[in-house]
Amino acid sequence: MESLFWTLIFSSGLSICVGIIWDGIFTNGSRLDRKTADRVLRLGGLKRINFSVCGYKEDVYEKIMLGLRRKETHDNILYFLSLKKKYPRGFPEVAISTVKLDLNKDDLRGFVSFWRKQPVDFIITADLWDRVGEYRLEGVGSVGKMFIQGHWLPPCRQVFDSLYIYYDGRVAPCCDDNDKRELIVGDMNTQSLKEVLNSSSLLSLRRLHLEGKRNLHPVCSRCYHFYVI
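Parameters and conventions
Residues numbered from 1 in each chain as written. Predicted model: local features only at pLDDT ≥ 70, side-chain atom pairs only at ≥ 80, totals over all residues. Heavy atoms only, no water. Salt bridge = Lys/Arg side-chain N within 4 Å of Asp/Glu carboxyl O. Helix = DSSP H or I, 4+ residues; strand = E, 2+ residues; numbered from the N terminus. Buried < 20%, exposed > 50% of the residue type's maximum accessible area, 1.4 Å probe, protein only. Pairing = 2+ DSSP bridges. Axes fitted to C-alpha atoms, helices over the stretch in contact; angles between N-to-C directions. Contact = heavy atoms within 4.5 Å. Right-handed = clockwise from strand over helix to strand, strands pointing away. Phe/Tyr/Trp six-rings, centres within 6.5 Å; stacked < 30°, edge-to-face > 60°. Core = buried A, V, L, I, M, F, W, Y, C linked by side-chain atoms within 4.5 Å. Arc of directions from axis to C-beta.

Enquirer: Looking at this model, I keep getting lost on the pattern of salt bridges. Mind explaining?
Expert: Tallying each qualifying case throughout the model produces six salt bridges. The salt bridge partner of Arg-42 is Asp-38, with a shortest N-O separation of 2.7 Å. Of the two residues, Arg-42 and Asp-38 both sit in helix α4 (residues 34–43), four residues apart, roughly one turn of that helix. Residue classification places Arg-42 among the exposed residues on the basis of a relative accessible area of 51%. Of the charged contacts in the structure, one is a salt bridge between Glu-211 and Lys-213, with a shortest N-O distance of 3.5 Å. Relative accessible area serves as the criterion here: at 47%, Glu-211 is assigned to the partly exposed category. Relative accessible area serves as the criterion here: at 36%, Lys-213 is assigned to the partly exposed category.

Enquirer: How should I be thinking about the sheet that holds strand β7 (residues 186–187) in this particular structure?
Expert: Sheet strands pair via backbone hydrogen bonds, and the direction of the pair is either parallel or antiparallel. The three strands are arranged β5-β6-β7 in an open sheet whose pairing can be described as antiparallel. Two strands bound the open sheet, and with one partner strand each, they are β5 (164–165) and β7. Pairing of strand β6 (residues 170–172) with β7, which is carried by two bridges, proceeds in the antiparallel orientation. Each residue of the ladder has a partner; that of Arg-170, found in β7, is Asp-187.

Enquirer: Could you clarify how one ought to interpret the sheet that holds strand β2 (residues 48–52) in this entry?
Expert: The strand order across the open sheet formed by four strands is β1-β2-β3-β4, and the pairing between neighbours is parallel. Each end of this open sheet is capped by a strand with a single partner; those strands are β1 (24–27) and β4 (122–126). Geometrically, the sheet is characterised by an average inter-axis angle of 20° between neighbouring strands, direction not taken into account. Pairing of β2 with strand β3 (residues 93–99) involves five bridges; the strand directions are parallel. When the sheet's bridge partners are listed, Ile-49 is paired in β3 with Val-94. On top of the sheet, helix α7 (residues 108–116) reaches β3 and β4; it is set at about 165° to β4, its chief contact.

Enquirer: Could you clarify how one ought to interpret the pairing of β1 in this entry?
Expert: Remark: a regular strand shows side chains that alternate across the two faces of the sheet. Only one face of β1 is buried: it carries Ile-25 and Thr-27, and the other face, with Gly-24 and Phe-26, is open. In terms of strand pairing, β1 meets β2 through four bridges, oriented parallel. By the bridge assignment for β2, Ile-25 is matched with Ile-49. For the crossover that starts at β1, traverses α4 and ends in the parallel β2, the hand is right-handed.

Enquirer: Would you mind showing me how to read the packing of aromatic side chains here?
Expert: The relative placement of two aromatic rings is captured by the distance of their centres and the angle of their planes. For the structure shown, the criterion picks out three aromatic pairs. With 5.7 Å between their ring centres and 75° between their planes, Phe-51 and Phe-80 make a pair best called edge-to-face. With Phe-51 in strand β2 and Phe-80 in helix α6 (residues 70–84), this residue pair connects regions lying 29 residues apart in the sequence. One exposure class covers both Phe-51 and Phe-80, and it is buried. Between Phe-114 and Trp-115 the ring centres are 4.9 Å apart and the planes differ by 85°, which places this aromatic pair in the edge-to-face class.

Enquirer: Looking at this structure, I do not really get the nonpolar core. What am I missing?
Expert: It is characteristic of soluble globular proteins that their nonpolar side chains tend to be buried jointly. Ranked by internal contacts, the top residues of the largest apolar core, which has 26 residues, are Ile-49, Phe-51, Val-53, Phe-80, Ile-96 and Trp-115. Broken down by secondary-structure element, the contributors of at least two residues to this core are α4, β2, α5 (58–64), α6, β3 and α7. When neighbours within four sequence positions are excluded, Ile-96 is seen to be in contact with Phe-51, Val-53, Ile-77, Phe-111, Trp-115, Val-120, Phe-122, Ile-123 and Ile-124. Core analysis: the second largest hydrophobic core is formed by 15 residues, Val-171, Val-185, Leu-205 and Cys-220 among them.

Enquirer: Sorry if this is basic, but what is going on with helix α11 (residues 200–210) here?
Expert: One turn of an α-helix holds 3.6 residues; hence residues three or four places apart share an orientation. Among all positions of α11, only Leu-202, Leu-205, Arg-206, Leu-208 and His-209 are buried. Axial view of α11: buried residues confined to an arc of 160°, hence all on one face. The outward face of α11, more than 90 degrees from its buried face, is lined by the exposed residues Ser-200 and Leu-210. Buried residues along α11 sit in contact with α9 (158–161) and α10 (193–197). Remark: Gly-212 follows α11 within two positions and exhibits a positive phi of approximately 75°.

Okay, structure coming up:
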C-alpha cells in the first residue's frame, strides 16, 4: 500500500491535485526512503505529514506494526526530519502518532520521551476507536465511549476533505472502515481522481451527511469518530 501511495503521489495524474491530496498525508514511514523523502521536500506544497508509529521499543513496535522493522522505519523518519531542516519554509508540519493499546500501554512513556527530543511539531497518543462498530465497547477509549453512548452523529469532515487509496486501487473517504472496506467510493484502476471526486457514490454520501442523515448510512451510522466539520 505504501509503495502504491508514493507512486501515485508522484504520477502526473495526481501532481495537479495539490489542493486535495497534498494538504496532508498519513504514512507509517516504511517506504519513505531517502530518495522519496528528498522528492517530497523538494516538490513542496505538503502542509502536514503524520507518521503513525505504534510502539517505541523494538519488540512492541513489531508486534503491532506487523511486517515492518522498527529500525528501518525509525531511520526513515529521522532522516526525513534531518532533511527537513535544510528547507527554510517550515513545512510540512510533522506529527508522530500512536494509538493506545494493551500491547503498548507500558511503552508510551518511552515513546513520548524519545519523540519529544526530535524536531517534530506534534506528538499524538490517541484513544482506540470502535472502528465502525467492529470492536467491543470496553475496548474503546473514554472519549469514544462518550460519543457512542450519546448516539451523537454529526456530519463528518472526512467525507469532504480526505481520500484513502488502498493497495488494490480502491478509494475510500476515510480509514475507519479499512478492515471490512465496505465504504468504497471509487477505483483508481478504472477512474481518474477527478472522476472519483465527482462520482455519484461520493456526492450522495456527502449529501447524506449535510442533510443530517448520517444515521441512515449502513457504514457511517456505526461510526462515532470525532471528525466534525
